[in-house]
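Architecture and fold: a report
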Amino acid sequence: MNRNMKNKGSENTPSTGFLRNLSIKKKLVIIIMLVSSVGLLLAGGFFITYERFSLRKHMINDLNTHAEMLADNCTGSLSFNDPQDAVEVSNSLWAESLIEFACIYNGNGTLFAKCQREEFVLDTLPEQEQDGYRFENGRLVMFKQIILNNQPIGTVYLQSDLSEFSAFLRQSFIVLTVMI
């Protein structure tokens, strides 16, 4: 009777019973599949992480270039107090599909000019800040000072949508899932 109880106890253990009943060939196939899957997951994870940081850096550099061009082109508008010219210069940004809002502050921090995409709605204007960027609420925002004769005369604010960034990450995860 003790002998029967020992056999029943070992048969109830699912992992040992499952692996014990498989041939060595099948065990090797399972081990190779597990190791390959883990390797693919790690490689795919590293690839997606690298692409994420690379794409973020590219977006920051791209928005910074637009901010510098806008700042350079708006020095005259600020110098001659011509907000309409600043709006016209800002309208050139719409060729860049991701930028959805731009504004220019004068030297004392008040709004000088703004423009935005028709479909974009802004609840409140951002406060003027020092040069820099940040990611917030699915957007990349950047402030860039406008310099004339080594003196700051205003600030450019740009806001860019990150929907393409999110779409790229989703597609990368789908591709990784299909590969595995």
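As a reminder, the structure under discussion sits directly above these lines.
Since the model is a prediction, treat every value here as computed from it, not as a measurement.

**Details of helix α6 (residues 163-179)**
- Between its first and last C-alpha, α6 extends 24 Å over 17 residues, near the 24 Å set by a 1.5 Å rise per residue.
- In this structure, the buried residues of α6 make contact with α3 (24-73).

**Description of the pairing of strand β3 (residues 132-136)**
- By the bridge criterion, 5 bridges tie β3 to strand β4 (residues 139-148) in an arrangement that is antiparallel. Pairing of Phe135 across the sheet is with Leu140, part of β4.

**Considerations on α3**
- Taking 1.5 Å of rise per residue, the 50 residues of α3 would be expected to cover 74 Å, and the 73 Å separating its terminal C-alpha atoms lies within 8% of that figure.
- Taken residue by residue, α3 has Gly44, Ile48, Met59, Ile60, Leu63, His66, Ala67, Leu70 and Ala71 as its buried positions.

**A word on unusual backbone geometry**
- Positive phi values are uncommon outside glycine, yet Asn81 reaches one of about 50°.
- Inspection of the secondary structure assignment puts Asn81 in the loop between α4 (75-79) and α5 (83-90).
- The exposed category is assigned to Asn81, whose relative accessible area is 58%.
- Unlike most non-glycine residues, Asn150 shows phi in positive territory, near 60°.
- Position of Asn150 relative to the elements: it lies in the loop between β4 and β5 (151-161).
- Residue classification places Asn150 among the exposed positions, given a relative accessible area of 72%.

About the criteria used
- Residues numbered from 1 in each chain as written.
- Predicted model: local features only at pLDDT ≥ 70, side-chain atom pairs only at ≥ 80, totals over all residues.
- Heavy atoms only, no water.
- Helix = DSSP H or I, 4+ residues; strand = E, 2+ residues; numbered from the N terminus.
- Expected span 1.5 Å × (residues − 1).
- Contact = heavy atoms within 4.5 Å.
- Pairing = 2+ DSSP bridges.
- Buried < 20%, exposed > 50% of the residue type's maximum accessible area, 1.4 Å probe, protein only.

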